[in-house]
Amino acid sequence: MPFSNSERNLEALKSLPHAKASVRSACLIDQTLITFQQAIFRQKPVRSRNIEAENSSTQVFGRSDNMKVLDLFCGLGGLSQGFNKAGFEVTGVDVSESAGRTFQLNNKSQFIKADLSDVLIENGSYDIVIGGPPCKPWSAINTKRTRRGKRHRDFLLLSRFFEHVVHNSPQVFVLENVPLLANDKTLKSYVERLRSQGFSIESDIVKYSDYGAPTSRHRFILFGTKKGDAKVFFKKLNEHRRSPQTVRDAIWELKDKERGEVPDHVWPDLKTIRKYRSYYETGKFGWYVLKWDEPAPSFGNIMKTYILHPDAFNGEPARVISVREALLIMGFDSRFRFPPEFGLGLRYQMVVDAVSPIFSYVAARVVRDFAS
Ligand SMILES: C[S@@+](CC[C@H](N)C(=O)[O-])C[C@H]1O[C@@H](n2cnc3c(N)ncnc32)[C@H](O)[C@@H]1O
């Protein structure tokens, strides 16, 4: 893998003293109860978990008998990463050159660049089909009624996912998307069609933090299998629940790092943050100051919704979280890299589009039980 030089710094990073700050005090300002973290020195709680090892993308547990996985709309590979780590042989497909380059830099998997709106990847050898088609037609953030559901140009891509299931006839398929997809008519008609072809299919809404990730993002998961009862997938998924990591677990070690000192620890200068301080006090979607001792809420592209570092408005200059912090909060490990020339907006977007690899690894292990 092409990383490691500066990430060997991680060991050095870990050895830094953690005498830092934070006690909560509540202040009433304009009738609004705001919780501030105020600076007093205290020892950072000793981690009971080895986060780096838990989130590592390279620890592979026994090959799953070389079972082949097709990851449609693979993006930078959040979903692929979990399946790769669980021992599957993954091929990712995406129309985006940028996604492909990032995917190949970070995943030990094949990549096919293709526009899935008119290309069908089918060679009869995929045991498992997984994927997260673009979610904009159903996303709660997409408030333009004229561009929702069927009216959105990406709507067709949902059907393309199912056409790949129909044509590849895998043992198992897993679809990931935003919760609002659950009620879609096209989805329901494909589910009926695939059931009539012998698939057992179930769905549920999962929360990544229930599986240990430091983000409470919710996602819709549709699971289909030709072997056994799909309900068992969600039952077994539940058995893998564990306590969430917090924002502190994920990003504390970057707290005193300068911009650029660690790869991707970069963020835009947004001079207007102070002007919007009152918005952050509302707690409305997108206006978050992260809290050290909770998982992060779900957030979108940081260039559009300014998600602030937990120390913002607490004596430190208010700043948005860095790309590295966003990666760590999504559950990627510190070896994750982007091609150097990629801009900030693109990096942030690809991170927030991704499935948490912490969740995908759990899902992949449960899939392994079904498929092997
Ligand atoms: C939500 S992201 C997928 C994220 C991915 N599952 C992960 O975990 O990192 C959707 C992806 O669909 C890709 N995409 C959009 N239109 C496409 C098309 N017509 N053909 C193939 N890929 C497409 C985008 O480039 C984007 O990477």
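Since we're looking at a predicted model, the values are computed, not measured.

A. Fine view of the overall build of the protein chain. For the protein chain, the count of helices and strands is 12 helices and 9 strands. Counting across all 372 residues of the protein chain, residues that qualify as buried make up 42%. The contacts in the protein chain between residues at least 6 apart in sequence include a share of 69% that link residues at least 24 apart.

B. Seen up close, the pairing of strand β6 (residues 128–131). Residues Ile128 and Ile130 line one face of β6 and the alternating positions Val129 and Gly131 line the opposite face, and both faces are buried. For strand β3 (residues 68–72) and β6, the ladder comprises 4 bridges, and the chain directions are parallel. By the bridge assignment for β6, Val69 is matched with Ile128. Of the strand pairs in this sheet, β6 and strand β7 (residues 172–177) are connected by 4 bridges, and their pairing is parallel. Within β7, the residue paired with Ile128 across the bridge is Val172.

C. Geometry of the packing of helix α10 (residues 323–330) against helix α11 (residues 344–353). Axis separation between α10 and α11 bottoms out at 10 Å; the angle between their running directions is 5 degrees. By the angle between their axes, α10 is roughly parallel relative to α11. Listed contacts from α11 to Val323, Ala326, Leu327 and Met330 of α10 are Leu344, Arg347, Tyr348 and Val351. Of the residues assigned to the contact of α10 with α11, the class counts are 7 nonpolar, no polar and 1 charged.

D. Spatial organisation of the pairing of strand β5 (residues 110–113). Sheet topology note: the strand β4 (residues 89–94)/β5 ladder contains 4 bridges and is parallel. Residue pairing across strands places Thr91 opposite Gln110, the latter belonging to β5.

E. Here's a closer look at the environment of Asn84. Tracing the backbone shows Asn84 in helix α3 (residues 78–85). Taking the C-beta count within 10 Å as the criterion, Asn84 has 26 such neighbours and is therefore assigned buried. Considered as a pair, Asn84 and Tyr361 are 277 residues apart in the sequence and their alpha carbons are 8.2 Å apart. Those residues within four positions of Asn84 in sequence are excluded, and the remaining contacts are Val90, Asn107, Lys108 and Ser109.

What counts as what
Residues numbered from 1 in each chain as written. Predicted model: local features only at pLDDT ≥ 70, side-chain atom pairs only at ≥ 80, totals over all residues. Helix = DSSP H or I, 4+ residues; strand = E, 2+ residues; numbered from the N terminus. Buried ≥ 20, exposed ≤ 12 C-beta atoms within 10 Å, placed from the backbone. Contact = placed C-beta atoms within 7 Å. Pairing = 2+ DSSP bridges. Axes fitted to C-alpha atoms, helices over the stretch in contact; angles between N-to-C directions. Parallel < 35°, antiparallel > 145°, perpendicular 65-115°, else oblique. Nonpolar A, V, L, I, M, F, W, Y, C, P; charged D, E, K, R; others polar.

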